[in-house]
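# Fold and geometry: a report
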Amino acid sequence: MRAIIRGTVVFFFCCSAPLLGQSNTGELRLRVTDPSGLGVKSTVSLVSEANQYHYSFTTDAQGNLDAKRLPYGIYEIQIDAPAFAQISEPVEIRSALPLDRTIRLRIAPVSESLKVSASATLVDPHRAGSVNQMGLQTIQNRLTALPGRSMQDLVNSEPGWLYEGNAVLHPRGSEYQTQFVVDGIPLTDNRSPGFGPEPAEADDVESLTIYTAGIPAEFGRKMGGVVEVNTLKNQDPGFHGQLTLFGGTYDTAGIDTQDQYTWDKNTLGLSATGNTTSYYLNPVVPENYTNRGTTGSFSLNYERDLTKKDRLTLMARHELARYKIPNELVQQNGAYLPNQDNSVGCPPVPPDQEPSDCVFIPGGQLQTGDNFETMGSVSYQHIFSSDAIGSLRAMARDNSTDFYSNPASWPLIATQHNDFKEIYFNGSVSIHRGRHEWKAGVESDSIFLQENTSYVIPDCADPTDPQCPINVGILDSGATTFAFQGHRPDLEQAAYVEDAVRLGNWSVNAGLRWDHYQLLVNQNAVSPRLAVSRYFPSIGLNVHASYDRVFQTPSFENILLSSSPAAEAIDTSVPALQLPVQPSHGDYYEWGATKAFFEKLRLDANMFRRDVNNYADDSQILSTGISFPIAFDHAILYGAEGKLEVLQWGGFSGFASYSYIVGNAWFPVTGGLFLGDNAVNPTSGHFPDSQDQRNTMRARVRYRVVPRLWIALGCDYNSGLPFQPDLTPKQYAAEYGQVVVRHLNFNRDRILPYFTQNASLGINLYNHEKRSVRFQADVGNLGNTLELIDFGGLFSGNAIGPSRSVALRLTTSF
């Protein structure tokens, strides 16, 4: 059954500090003058291939510009001004403090040409850990995603990340341990379509910074992977914006706009989106029953430089989603199912007389969900001196989820109304001193949880009624009606200090973090972090290694219900196993290298290992979608990743990546709720982690046919996730269809491998100065392969990817 899928969507009232919002970003304050020192209005291009950063600025009449939110690295500055010689020179951003730079132009000779190359920025020689950067051009030329998952699709294109159903991201085998940091605000709850709102629309995003190792000490709590999202745009004077229209298969349509006006020391921006599709969640059968979803959002942001040393930023965002939850064959069309006395089976269609040992399920189930979120924050930044800068941030949000079932729902008629309110505070100081770049800070997060869940098992008013799902064997004996309400605060605090040191060709990032967590348990932890790299300039090679001690707090979805004594009544067939969920403690190791080839190619290769105690996973109540956290004694995850990127070679650009991962978790159970047969707790033994997909390959190649026309081809290979069968292949075929069962290997308990292809065409219809019109057409799953992403067993929800589909996108920028 595809029931209560936990959700949350944004009514987002947020703000962030633009300079310190991201952990490793700085600011360039540039002045361009003529030979006498007078300011010159000019065009300035800033390029860093390692950060995928390409942007063209225009200085004001006095020759000034302020480039904000620059990821640390080496940049190439190119300046063009009429009557002056073109100038190109490097600049290095390594501090959160603004870097002041003055460049003096010279009069152009009668004939002079300058060959500019940004190849020196292809590898960052002082990057101590492995970081994946994604810039604006990659984001703009992405494959068009279905509503609710454009951000997740971008992250999933990087090596080491895997999808489960409904765009749930799993970094290096971690379950629900992804943290999005949007403009400096950490979001630690599940942000997949069936659980919560998208962190940000891809069209709103300027850049992404993705960590899976060498994670700065300022990040904690959810440590499988950290994704820093920058949505704040460069502040070009005047009015600028972008309008995107898209549509395609599955009745998909959407609109997205971002507009910004900058005057004097002020910037005011707004964005709005609206989307609809009939493929919102991943369906459980290829027929894609009841899968309509709509989303919408609106946001405002305001930024003001109060003085040269003080800056204030505000943002407001409102978002919602309403969606239907996909049905299985039985839930949609109805069917005969055998009761507990039937060992033969039942007819596929209603006969003239109903068999006494079969139960007819009428079908017609309709389950719906909606998500809302409201968030507000304020940020203030102050430069104390040329060596010190500080930031304060405060945030509050209200997040709610609703789930409804119609009377035809089976085997449960369930309802859920959950809500949490969060108050977050962060203060930090950065100090530059000689070779050192220090940063220290404190944060406090208080989340006030409220849960309200109830269900009725139909046809069980009389427990002997043969129509009762308990008598069909779908549900074990237990309460035929159930209701739970609970509330409790989740209180978390942290402090950290970190230092970035450069010693010639050696770079060291070291940090220490203290965390306190109080919900079901009360724990403190100290977590050291260390990343070291050595650059070999003669061969353009950067070798790095890192160690991260992590303290991961449990997911709080339905944690009050699963830890309540009332939950034992759900299944009384055997005594329940119920243990408080402990935070995870782990050690992450990584070794890797980055190498440039021919000044055009970059290769990143990494090996990793993760040892985690109280390994976090999730389970469901009565095979519904009411998920809650559980934990096992420990897990070991290890593997290797590689990515080859062609930034620009003639007309070609693109990437190819490969990931290998092995993950195993060990008994006994150390936290969570286990009912019925699952309440038996083995004291030893291990099993594959649910994200134990051994081989994953992705590639995309883009070719510029002419300056205004490009084509691209891409592919994805997945060797298949493990599954735990609880029925025979024949029984599964009756529930999901033979076409789904053919993609399961029951000898290895794994989904069979699948290989999909995609193609894109892009045309620049108009391009003049800051104004452009771009058109893109994408075809996904060219081979129309059945993409069985996940298989959960009877009524627990499979995940099937889209069949062949077409998407069209038109973007106007000004």
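For the structure, check the block above.
A brief look at the structure comes next. It should be emphasised that the depicted structure is a prediction, and the values quoted were computed from it without experimental measurement.

What counts, and at which threshold
- Residues numbered from 1 in each chain as written.
- Predicted model: local features only at pLDDT ≥ 70, side-chain atom pairs only at ≥ 80, totals over all residues.
- Heavy atoms only, no water.
- Helix = DSSP H or I, 4+ residues; strand = E, 2+ residues; numbered from the N terminus.
- Rg over C-alpha atoms; globule rule 2.2 N^0.38 Å.
- Buried < 20%, exposed > 50% of the residue type's maximum accessible area, 1.4 Å probe, protein only.
- Contact = heavy atoms within 4.5 Å.
- Areas by Shrake-Rupley, 256 points an atom, 1.4 Å probe, with all protein chains shown as cover.
- Pairing = 2+ DSSP bridges.
- Axes fitted to C-alpha atoms, helices over the stretch in contact; angles between N-to-C directions.
- Patch = residues over 30% accessible without salt bridge, like charges linked within 9 Å, V, L, I, M, F, W, Y side chains within 5 Å.
- Salt bridge = Lys/Arg side-chain N within 4 Å of Asp/Glu carboxyl O.
- Phe/Tyr/Trp six-rings, centres within 6.5 Å; stacked < 30°, edge-to-face > 60°.

Time to look at the overall build of the protein chain. Scanning the protein chain from N- to C-terminus turns up seven helices and 44 strands. For the protein chain, the C-alpha radius of gyration of 27 Å lies close to 28 Å, the compact-globule estimate for 814 residues. Once the C-alpha set of the protein chain is aligned to its principal axes, its extents read approximately 100 × 55 × 45 Å. In the protein chain, buried positions account for 59% of the 814 residues. At a minimum sequence separation of 6, the contacts of the protein chain that also span at least 24 residues come to 70%. When the accessible surface of the protein chain is split by element, carbon and sulfur atoms take 58% of a total near 30,700 Å².

Pro411 follows Trp410 through a cis peptide bond whose omega is 5°. Inspection of the secondary structure assignment puts Pro411 in the loop between β23 (388–405) and β24 (413–433). With an omega of 10°, the peptide bond between Phe667 and Pro668 qualifies as cis. Inspection of the secondary structure assignment puts Pro668 in strand β34 (residues 652–674).

Attention now moves to the pairing of strand β29 (residues 541–552). The side chains of a regular strand alternate, first on one face of the sheet and then on the other. Relative to β29, strand β28 (residues 522–536) runs antiparallel, the two sharing eight bridges. Counted as the bridge partner of Arg529 is Asp548 from β29. Hairpin remark: β28 followed by β29, antiparallel, with four residues in the connecting loop; positive phi at Gly540, about 60°. Of the pairings in the sheet, the one linking β29 to strand β31 (residues 584–597) comprises 12 bridges and is antiparallel in character. Looking across to β31, one finds that His544 is bridged to Gly592.

A separate point is the sheet that holds strand β14 (residues 225–230). One open sheet accounts for five strands, arranged β8-β13-β14-β11-β12; its pairing is mixed. Both outer strands of the open sheet, β8 (131–134) and β12 (185–187), are each paired with one neighbouring strand and no more. Across this sheet, the average inter-strand angle for adjacent strands is 20°, counted without regard to direction.

Among the surface-exposed residues, Phe598, Trp649, Phe652, Val701, Tyr703, Val705, Val706, Ile711 and Leu761 lie close enough to one another that they form a single nonpolar patch of about 810 Å² accessible area. No other element matches strand β36 (residues 695–706), which puts four residues into the nonpolar patch. Locating Trp649 in the fold gives a position in strand β33 (residues 627–649). Residue classification places Trp649 among the partly exposed positions, given a relative accessible area of 39%.

We now examine the packing of aromatic side chains. Counted by the stated rule, this structure contains 22 aromatic pairs. Both rings, one in Tyr547 and one in Tyr589, keep their centres 5.5 Å apart while their planes meet at 40°; by these two values the pair is tilted. Of the two residues, Tyr547 is situated in strand β29 and Tyr589 in strand β31; the sequence distance between them amounts to 42 residues. Taking the relative accessible area as the measure of exposure, Tyr547 reaches 25% and is therefore partly exposed. Judged by relative accessible area, which is 29%, Tyr589 ranks as partly exposed. Taking 6.2 Å as the distance between ring centres and 25° as the angle between the ring planes, the aromatic pair formed by Tyr732 and Tyr736 counts as stacked. Taken together, the positions of Tyr732 and Tyr736, both in helix α6 (residues 729–736) and four residues apart, correspond to about one turn of that helix. You'll find Tyr732 and Tyr736 in the same group, each marked buried.

All right, on to the pairing of β36 then. Taken together, the nine bridges between β34 and β36 define a ladder with antiparallel strand orientation. In the sheet register, Tyr660 faces β36, and the bridge partner there is Asn695. As defined by bridge partners, β36 adjoins strand β37 (residues 709–718) across 10 bridges and the pair is classed as antiparallel. Bridge pairing links Tyr703 to Ile711 in β37. In this antiparallel pair of consecutive strands, β36 and β37, the connection spans two residues.

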